[in-house]
Amino acid sequence: SISLRAPNETTGSIPFQYWQHHPEKLIFQACDYKAYSMPFGGKYGPILKPVPHPQCSWSEMIKYLGSMLIKELRGTESTQDACSKMRKSTEQMKKVPTIILTVSYKGVKFMDAANKTIIAEHEIRNISCAAQDPEDLSTFAYITKDLKSNLHYCHVFMPL
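In this text, all values refer to a predicted model and were calculated from it rather than measured experimentally.

Caption draft 1: A look at the overall build of the chain. Counting its regular elements, the chain contains four helices and nine strands. Reading the chain from its N end, one meets helices and strands in the order α-α-β-α-β-β-α-β-β-β-β-β-β. Evaluated residue by residue, the chain yields a buried proportion of 34% over its 160 residues. Long-range pairs, those at least 24 residues apart, make up 49% of the contacts in the chain between residues at least 6 apart in sequence.

Next up, the structure:
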């Protein structure tokens, strides 16, 4: 059993009446957010809007630019470097794989959009950082640790 503090005891920066969900719903039930592209060609990156869904996750069809080995983990700097390199290396490619990216409180999963086979699943505890490409805010990535090799990889995505 989890004991929840009153909302006015948890934060002083945002009054409780402006919260989108009650604390009990966030912990014991599910809240979903769906990614939507901003106007102006995604200049400002994706925005999240709450949507009703019982499984507490959101999915989006996007392009998977690939993964890159991170030799020296430097947080968002490593992630942004990988974003930039992967985006530039795939600019000339005629076809970039389309995947379905699902994000939940458990982690991130992506699967092939054509045949629905799972490409990768990463638990939230193995994701060290996520960031947008500073040159193209619609491109984003996250770094995860491979449990078998103990190496870090950055996975890079961009909207369709």
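Caption draft 2: Main features of the pattern of salt bridges. All told, the structure shown has seven salt bridges when counted by the stated rule. Across the pair E135 and R87 runs a salt bridge whose closest N-O atoms are separated by 3.0 Å. Taken together, the residues E135 in the loop between β7 (127–133) and β8 (136–145) and R87 in helix α4 (residues 76–90) connect sequence positions 48 residues apart. On the basis of relative accessibility, which here comes to 56%, the residue E135 falls in the exposed class.

Caption draft 3: Structural context of the pairing of strand β6 (residues 118–123). With five bridges connecting them, strand β5 (residues 107–112) and β6 associate as antiparallel partners. What sits directly across from K109, in β6, is E121. A loop of five residues connects β5 with β6, the two strands running antiparallel in sequence, and K116 in this loop sits at a positive phi of about 65°.

Caption draft 4: How the structure looks around the packing of aromatic side chains. On inspection of all chains with the given rule, the structure shows five aromatic pairs. Consider the rings of Y142 and F157, whose centres lie 5.8 Å apart with planes at 15°: the pair is stacked. On the criterion of sequence distance, the pair formed by Y142 in strand β8 and F157 in strand β9 (residues 152–159) is long-range, its members being 15 residues apart. What makes Y142 buried here is its relative accessible area of 5%.

Caption draft 5: Quick peek at the pairing of strand β4 (residues 98–104). When β4 meets β5, the two strands line up antiparallel, connected through five bridges. When the sheet's bridge partners are listed, V103 is paired in β5 with V108. What sits between β4 and β5 in their antiparallel hairpin is a turn of two residues.

Caption draft 6: The arrangement of the side chain of S78 in detail. For S78, the location among the structural elements is in helix α4. Looking at S78, the relative accessible area reads 4%, which means it is buried. Within the structure, S78 has its side chain in polar contact with the backbone nitrogen of R74 (distance 2.6 Å).

The rules we used
- Within each chain, residues carry numbers counting from 1 in the order of the written sequence.
- Owing to the predicted nature of the model, reporting of local features is limited to residues with pLDDT of at least 70; listing and counting of side-chain atom pairs is limited to 80 or more, with chain, interface and lining totals taken over all residues.
- Side-chain calculation: all heavy atoms of the structure are included, whereas hydrogens and water are not.
- Counting from the N terminus, the helices are the DSSP runs of H or I reaching at least four residues and the strands are the DSSP runs of E reaching at least two.
- Exposure categories follow from relative accessible area, calculated using a 1.4 Å probe and restricted to protein chains: below 20% of the type maximum is buried, above 50% is exposed, and the middle band is partly exposed.
- Note on contacts: a residue pair qualifies if any of its non-hydrogen atoms lie within 4.5 Å across the two residues.
- We define a salt bridge as a contact between a side-chain nitrogen of Lys or Arg and a carboxyl oxygen of Asp or Glu at a distance within 4 Å.
- Between any two strands, at least two bridges found by DSSP are needed for them to pair.
- Note on aromatic contacts: the rings of Phe and Tyr and the six-membered ring of Trp form a pair at centre separations within 6.5 Å, being stacked when their planes are under 30 degrees apart, edge-to-face when over 60 apart, and tilted otherwise.
- N or O atoms within 3.5 Å of each other form a polar contact, as long as, within protein, one can give a hydrogen and the other can take it, and as long as residues adjacent in sequence are counted only when both atoms are side-chain atoms.

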